[in-house]
Structures are given as C-alpha cells and as structure tokens.
Amino acid sequence: MKTPHFYATMKVMKKQLQGLTQVEVKRRIDAGKTNHFKAKTGSSNWEIFKRNVFNSFNVLNFAIFVALIAVQAWSNLFFFGIIVLNAFTGMMTELRARRMIDKLNLMNKDQIRVVRDGQLVSIDPKDIVLDDVMLLSAGEQVPSDAVVVDGIAELNEAMLTGESDHILKKDGKELLSGSYLVSGQVYARVIHVAEDNYANKLMLEAKTHKPIVSRILYNMDKIAKFTGKIVIPFGLALFFEAYLIKQLSLQESVVTSSTALLGMLPKGIALLTITSLLTAVIKLGMKHILVQEMYSVETLARVDVLCLDKTGTITQGKMTVKGLELLSERFTKEELERLLAAYMQHSKDKNATAQAIRNAYEGLEHHYQVGDVIPFSSDRKWGAVSVNGLGTLFLGAPEMLLKENPKAVDQAQARGSRVLILAWSQSGVDTETMILPNDVEALTLLEIADPIREDAAETLEYLRSEDVTLKIISGDNPVTVSHIAHQAGFADYQSYIDCSKVSDEELEALAEDTAIFGRVSPHQKKLLIQTLNANGHTTAMTGDGVNDILALREADCSIVMAEGDPATRQIANLVLMDSEFKDIPEILFEGRRVVNNIAHIAPIFLIKTVYSFLLGLICIASIVFGKAEYLLVFPFIQVQMTLAGQFIEGFPPFILTFERNIRPVEKHFLRRSLQLSIPNALMLVISVLIFHLSQVYLGMSNTDMLTLSYYMMGSTGVLAVIRACIPLNKGRVALIIYSVFGFLISSYYLRDVIEISTLNSYTLPIYLVAMAICTPLFFWISYKQGAFQKA
C-alpha cells in the first residue's frame, strides 16, 4: 500500500525539488546558519538581586546597621527590617515581570517536513537550516521566513500584521514566519533563520524588559541620591563632633550620628507605596482585573493619552450578518440564502467575516452542486465558487466586484458596517489568472456588523471628562472606523487618516492632532506610541492581537482583553478578565486613589528628612564655637524615631491610603510635599535650638532638653497627621485620637527604653507654651498653602 508520504516523495522527484544534501546541511550547521533561537529576556537572577540589594540606598543603611551592631546598640536596629522588606518586594516584582516576558513565544514547536537528498523528512523547527526546502500544508505554521518555489496556498498573517483576510501565495511570494496556511500546499525555500526571522524580530522587541516606572519612587530616589552624596561627610563630622569634642561614649556617638543619617533617607514612604500598590492589585483582582505589573496602577493614574484598538475594545469583536438587501430580481431572498449556504459549505475561508456568514447560512439545506473554489484573498478582495448549471458566484468587496457602488453600499458603510457583495456571472473564472469576467451582476448586499459595546459611549465620555486624550489605532478601513467611532460617541470621529498612504515622517507629524488611524501596521502602531511618548505624554494602549504587541510594549501602560491573543495577555500590564471596556475607569480610580493618597501623606514622612538634614547641618556648624558646652549633638536616637513613627508614620498614613480620592493627579508631587513638610521641620528645629540655648545659658539639664526635644518631634509629626485628616469624619477623628494618645502614652510608659524622662513641673509649661505657639501658626501656614482643599 502506497502511503501519502510516498506520493509526496514522488512529487518532490517530479518537480526536481531535491532540497539540500547532508553535506550541505552539515556545512550550514557548522556555519551557525540554523534555526536555533533563544532570546535573552532581560536581567538574570543575579542582576535582579544585585540591583535591589546592592544599591547605594541599601549599602548605606547596611553600613549604619553594622555600625550599630558593632557598638551593641540593639534597641536601635529595628529600622533594618524595612530595608529588607523593600529589597525583597522589589526582587519579587522584577522576577514576576521577567517570568511574564519569558512566556511570550509566537512560534509553535510542531515538527516540520523538509526535503533533503530528495526525500521528505520530519525535523524540529530549530533544526531547520538556511536554504532548506519545506513542505507546508493547510493548518501548519510557517516556522522560518521562506519563498514559495512551488504550489499555491492561502495564508493567515493576522498573528503578525493584524490583517484578518487571507493572503494568496504563489511562486516567488514570501512567507512570513509565524503565519498559518489555511488552504493549499507549497514547497518553500528558507531565506531567514533564527533571529533574522520576522516573528523572532517581533518577539525580541516584545521581550525587551521595560524598567519599572514609578513617579513616587523616582522622586524618593532623587532625595536618596541627594542625601547619599552628603551622607558620608555628614556622618563623619557628626561622629567626630560627638566622640572627640563632646567626648560622648563610642556607642552614644555612633547612635546619635547614625540616627541623623537614617532620618534623611525616606525609607518609610517607599514601603508604604509598595503596600498601597499591592492593595490596589488585590482590590482590582477581586473585580476580575488581573494586574501583571504592580507599578502600572500608578502609571495609569497619570495617563493623558489612551490609544484604543477598535475590534474587541470599542466593538465586541463578534461579527454578525445584520441583513441582506436585494440588488437584483434574478433570485428570491430565500434562494440567495441557499446560495450563500452552498458557498460557505465549500469555502475554506476562516476569517471573522466568513465565519459570521457561515454562522448565519451554512446550516440551510440546498440542492446546488459546487465545483471549483477560489478562496478569498485580501489582494483581490473577493472569492468565488462555481455552481453546476448556474454559473459562478462571487463574494467580496463592492469596489472590487462592481464598476459603481449602489447607494445601499454607501448607506451601510455610513452605519459603520462592513459590506460584502454576492455577485453572479454566467461565465466561469480562470483559476490560474483569476481575472473577473465582464458580466458580473450584483445580487445582494450583505451587511456585517460588529456590535459596539454597550458601555463604550459612557466609558469614552468619562475618559474625556477626566482630560484623557483618546485615539483609535486600527488595521481596518479608516472610514469604517470613523463611522463606528461616531456611533460609540467618539468626539473626534471626523479626524482620521489612512496610514497605508503615509510615510513614517508624515505619521509622526500627524500623531498629535489626528484622532483615528486606520490601516495601521504593527510598526506604525509602535511608531505612534513612541512619538506620543517623545512629545511628553504618558500613554496607555489597549489591544488584543499579536500585531499590537510592539505598541503595547512601547506604551507606558498596556491593557488587553482576556479574550485576546494569548501572547498579548502574557506581556500586558493589565488584563481585563471579563473583557469589559467599562473596567478601564475602575483601574483609573484605583491608580488615582493610590497616587493621590501617597502624595497626600508624603509630607508626614518628609518632615523627618528635612529636620534631620537641617539639624545635622546645625550640629556640624556648632563646632565653630570651639567649646564643648556650645556643641549641639543630634538630639534623637533611632529607637525614639522608631517608636514615634508607629503613631505618626505607621498606622494613620496606611489607613489614609485606602480612602477614595479620584482627583486628577498632582504633577509636582515632590515639590508640593516638601513645601508642606518644611513648616513642621522648621518648628522642630527652632524648638530644639531654643531648648539647647536654655541648656547653655539657663541651666536646663541635658535630660530635660532631650525630653522636650522628643516631645516636640512627636508633636510636630502629630500635627501633620491631623492636617492629613482634614476634612474630618468619624474614621479620621479615630486616627487622630490614636496618633495623639498613642504617642503620649507610649512616651510615658516606655520612657526608659527611649532614654527620656517625664514632663515635669519645669518642662511641662515650656512644652505647652511651645505647642500654643506652634499649633495655630502651623494651621495658618497650612491654610495659606492650600493644604485643606477637599480631597
């Protein structure tokens, strides 16, 4: 019995397609011209570990940690737990991002048939070598870029180009790796291997690991870099002042100088930012929104340009036949429906439009016998079948089948529908030349609709109201996209261009002022995002096809529907599991909540940074007086800051980050936070100077001076918590009570641990007078700064 393999081998011999010899294959393997390909997907485990552990911020904190251990200052070591948690969280975030990228692969691993020494053999795609002759049949994926040397086939390149129509490939035509054969069979010679293949080039670009972008952490890093430059001379000066001039013990000198340095580093707000983002991820997950990149929640809150894909985003991506409109009396409507049934039962077309027609009519019974079939091609924009005893039926675009469009075509396109014409000819059609006969007659118009999402108009209107610029980027005809956009309530639906007719330079020039981009290639989508980013915008993009991957990776935030291609889901920042466009505002709300609330409570953390820096400067400057009694040693130790921080920088800010806050994001986050933190820091610094002068000139004891300084440090922090809780509600009043009484009670009962005394008959009046002056002054300054605007 002769197998199909035997007949295929005979065809190879008949066509004299001998393929490569084993000697030629070995020569190419030795030259490295094989299809072995593995992309480096970003940082290694060691690089990620090194970046998150051995950075200047952590090295400095570790050095201080070691110094405190060396002098056995055990009670002052709690701060290092925050550093470890920050580093661990950063590593886990980057490792997850890398795993997500590693999953991306556009090529399958099925074996492929190649001709070698005149025989067909099956090999792994990675074993293909340059100039191999492959035999590809319907249903197979093209594993390597090649040129057809024999045969005819229809290819689906939607995975690469976004074009849903099938492409006819004959002798001399190029096959792109990653595309699929939907009909026919071809022999093709390999012209590219490994990283030179089109699909692998796409994958390499898509697998480029984007650095984590967090404006909050970026601003905190700016402070850390500044303090990092001065911390060593600061630390040495403070240590030698305390140890050599003030003649404190080694342990006391190390503790006081390290406290000033640690106070300048904003480590608490970094941890709170990560915690807030994680809670946002959990909340969105409960609403079926998968966040694959934690920092994208913050990014989306800052987005000012959102680029939308039409199909699957504005529309449902579910094409249906809206209706038939007769254009001839040659056949009745019922007869035309049966003719469509015969056509679709024998057609191999599998694009979305063909599937919609098939779903509508394929099940109808008929008596027609079908002969030759010409598959639909996007080059011709029509397909055909011959019907015995009747003639030939044509199905395709009206402008390709007819000399003049009927009015019904224009009317249907104005409704945003895709229009096909079923036409008839008594003549046959040449399956080789595929030239249309002259007697083609239109029979009926098929109106194909892709329903607009019910929530599209409301969602688009909301995004517009929040000052988000909207743009539609689609591979479809721009006129059709414009009409659909109009139906969906898109404001700038008349602003559109056909990107197939413009150069890259023209596209860059039009990117800012054009709203709708039709017939866009994957390269052009990426170019548009790059241009918008270069113009200073924060961009987000939605998509669902592999042709969107490059643009999705280029955008600051990428959003895909769960119904989209698996490859897009793997590299997206956010996945809408219910594939609902209306979920996008919910993500925006969460992002704004996190960013606005972090900005709202940031001054609480920056107070310590500012006063630590200012007091450090004053302590160093006091050396010029030359007398030990005039020297001001940094008045706090780390255990004091840790305890006070539980009631100032701990629970209250954490709870405040959960509150709803959807105002537009403050652009100048760092500047605004510093402005609000400076009054508190100055009040403390001035108070400490007054207490120190009282110690020098009025005989105040060192214990009383340190006690008053600690109470003022905590009280100025509590004032910042109170400011953050205005306007008041029951929950915020409870936070104020917790902060005030928690600080005062802990200061009393843990006074021995934090090395202070109680407020006595001498120090209590001084403290009350200081607070009587500072409190109204603080609230007046805060009011002038606009700190009490409604959240």
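Conventions and cut-offs
- Residues numbered from 1 in each chain as written.
- Predicted model: local features only at pLDDT ≥ 70, side-chain atom pairs only at ≥ 80, totals over all residues.
- Heavy atoms only, no water.
- UniProt positions renumbered as here; feature names shortened; annotations may be inferred.
- Phe/Tyr/Trp six-rings, centres within 6.5 Å; stacked < 30°, edge-to-face > 60°.
- Helix = DSSP H or I, 4+ residues; strand = E, 2+ residues; numbered from the N terminus.
- Buried < 20%, exposed > 50% of the residue type's maximum accessible area, 1.4 Å probe, protein only.
- Lys NZ or Arg CZ within 6 Å of the ring centre and 35° of its normal.
- Pairing = 2+ DSSP bridges.
- Axes fitted to C-alpha atoms, helices over the stretch in contact; angles between N-to-C directions.
- Contact = heavy atoms within 4.5 Å.
- Salt bridge = Lys/Arg side-chain N within 4 Å of Asp/Glu carboxyl O.
- Parallel < 35°, antiparallel > 145°, perpendicular 65-115°, else oblique.
- Left-handed = near helix turned anticlockwise from the far one by under 90°.
- Nonpolar A, V, L, I, M, F, W, Y, C, P; charged D, E, K, R; others polar.
- Core = buried A, V, L, I, M, F, W, Y, C linked by side-chain atoms within 4.5 Å.
- Domains from an automatic or database assignment.
- Expected span 1.5 Å × (residues − 1).
- Bend = angle between axes of the 7 residues up to and from the residue.
- Patch = residues over 30% accessible without salt bridge, like charges linked within 9 Å, V, L, I, M, F, W, Y side chains within 5 Å.
- Areas by Shrake-Rupley, 256 points an atom, 1.4 Å probe, with all protein chains shown as cover.
- pLDDT = per-residue confidence, 0-100.

The chain is annotated in an unreviewed UniProt entry as Cation-transporting ATPase from Streptococcus salivarius K12. The UniProt entry for the chain carries the following text under Subcellular location (unreviewed entry): "Membrane".

Okay, the packing of aromatic side chains next. One pass over the full model with this rule turns up 15 aromatic pairs. Plain terms: the ring middles of Tyr710 and Phe743 are 5.5 Å apart, the flat faces sit at 35° to each other, and that makes the pair tilted. Taken as a pair, Tyr710 in helix H26 (residues 702-724) and Phe743 in helix H27 (residues 730-749) lie far apart in primary sequence, 33 residues in all. Both residues of the pair, Tyr710 and Phe743, belong to the buried class. Here Tyr711 and Phe743 contribute two aromatic rings whose centre-to-centre distance is 5.9 Å and whose plane-to-plane angle is 75°, an arrangement assigned as edge-to-face. With Tyr711 in helix H26 and Phe743 in helix H27, the pair connects residues that are 32 residues apart, well separated along the chain. The exposure class assigned to Tyr711 is buried, which follows from its relative accessible area of 5%. The exposure class assigned to Phe743 is buried, which follows from its relative accessible area of 2%. An aromatic cluster is defined as three or more aromatic residues linked by ring pairs; in this entry it consists of Tyr710, Tyr711, Phe743 and Tyr767. Above the face of the Tyr748 ring, Arg751 is positioned so that its terminal group lies 4.7 Å from the ring centre.

It is worth spelling out the sheet that holds strand S8 (residues 289-291) at this point. Sheet strands associate in pairs through backbone hydrogen bonding, adopting either a parallel or an antiparallel arrangement. The strand order across the open sheet built from 8 strands is S8-S21-S20-S19-S9-S16-S18-S17, with neighbouring strands paired in mixed fashion. Lying at the two open borders of the sheet, with one neighbouring strand each, are S8 and strand S17 (496-498). Adjacent strand axes in the sheet meet at a mean angle of 15°, parallel and antiparallel pairs treated alike. Bridge count between strand S9 (residues 305-308) and strand S19 (residues 539-543): 3 bridges; the pairing is parallel. Across the sheet, residue Leu306 finds its bridge partner in S19, namely Ala540. Sheet strands touched by helix H20 (residues 522-534): S9, strand S16 (469-473), strand S18 (516-518) and S19. Its angle to S19, the strand with the most contacts, is close to 160°. Strands S8, S9, S19 and strand S21 (574-576) of the sheet are contacted by helix H23 (residues 583-621), whose axis makes an angle of about 140° with S21.

Turning our eyes to something else, we now look at the environment of Leu135. With respect to the element layout, Leu135 can be found in strand S3 (residues 133-137). You can call Leu135 buried: its relative accessible area is 0%. Spatially, the C-alpha atom of Leu135 lies 9.2 Å from that of Arg189, the residues being 54 residues apart in sequence.

All chains considered together, the criterion is met by 14 salt bridges. The closest approach of N and O atoms between Glu461 and Arg464, which form a salt bridge, is 2.5 Å. Linking Glu461 with Arg464, this pair stays in helix H17 (residues 456-465), spanning 3 residues, or about one helical turn. For Glu461, a relative accessible area of 42% puts it in the partly exposed group. Linked by salt bridges that have partners in common, Arg28, Asp131 and Arg189 make up one network.

As a packed pair, helix H25 (residues 669-697) and helix H28 (residues 763-784) sit with axes 11 Å apart at the nearest point and diverge in direction by 155°. Considering their axes alone, H25 and H28 lie roughly antiparallel with respect to each other. You can see that H25 and H28 cross each other, and the crossing is right-handed. Side by side, H25 and H28 meet where Pro679, Asn680, Met683, Ser687 and Phe691 of the first sit next to Ile766, Cys774, Leu777, Phe778 and Ile781 of the second. Along the lines of polarity and charge, the residues of the contact of H25 with H28 split into 8 nonpolar, 2 polar and no charged.

By the criterion of burial, strand S1 (residues 112-116) is predominantly enclosed, with 4 of the 5 residues buried. In terms of strand pairing, S1 meets strand S2 (residues 119-123) through 5 bridges, oriented antiparallel. Looking across to S2, one finds that Arg113 is bridged to Ser122. The sheet contact formed by S1 and S3 spans 3 bridges and is antiparallel. Of the residues in S3, the one forming a bridge with Val115 is Val133.

Glancing now at the nonpolar core. Residues Leu463, Tyr611, Phe636 and Tyr710 are the most contacted members of the largest nonpolar core, which totals 116 residues. The element best represented in this core is H23, accounting for 17 residues. Formed jointly, this core draws a minimum of three residues from each of two domains, domain 1 (50-95 + 213-280 + 589-785) and domain 3 (289-315 + 453-577). Apart from residues no more than four positions distant in its own chain, Phe636 is found in contact with Thr256, Thr259, Tyr611, Leu615, Met641, Leu684, Val688, Ser709, Tyr710 and Met713. Grouped together as the second largest cluster of nonpolar side chains are 26 residues, Leu336, Leu340, Met344 and Leu420 included.

Counting along an α-helix, one turn takes 3.6 residues, and residues three or four places apart therefore face a common direction. With 19 residues, helix H24 (residues 638-656) should reach 27 Å at 1.5 Å per residue; the first-to-last C-alpha distance of 25 Å fits that figure. When the local axis directions of H24 are compared, the greatest deviation, roughly 55°, occurs at Gly645.

Once that is clear, we can look at a nonpolar patch on the surface. A cluster of nonpolar residues, Leu728, Val733, Ile737, Phe741, Ile745, Tyr748, Tyr749, Leu750 and Val753, forms a patch on the protein surface that exposes about 890 Å² of accessible area. Along the polypeptide, Leu728 turns up in the loop between H26 and H27. The exposure class of Leu728 is exposed, given its relative accessible area of 54%.

The next point concerns the pairing of strand S13 (residues 391-396). Counted residue by residue, S13 has 6 buried out of 6 residues, so it is predominantly covered. Sheet topology places strand S12 (residues 382-387) next to S13; 6 bridges connect them, and they run antiparallel. By the bridge assignment, Val385 is partnered in S13 with Leu393. A loop of 3 residues connects S12 with S13, the two strands running antiparallel in sequence, and Gly389 in this loop sits at a positive phi of about 80°. As defined by bridge partners, S13 adjoins strand S14 (residues 418-425) across 5 bridges and the pair is classed as antiparallel. Directly across from Thr392, in S14, lies its bridge partner Ser425.

This part takes up the confidence of the model for the chain. Across the chain, pLDDT averages 81, with 84% of residues at or above 70. This stretch, residues 1-16, has a pLDDT under 50; its non-local contacts, to residues over four places away or in other chains, come to 19 contacts. Considering only residues more than four positions removed or in separate chains, one finds that residues 104-108, a stretch of pLDDT under 50, has 27 contacts.

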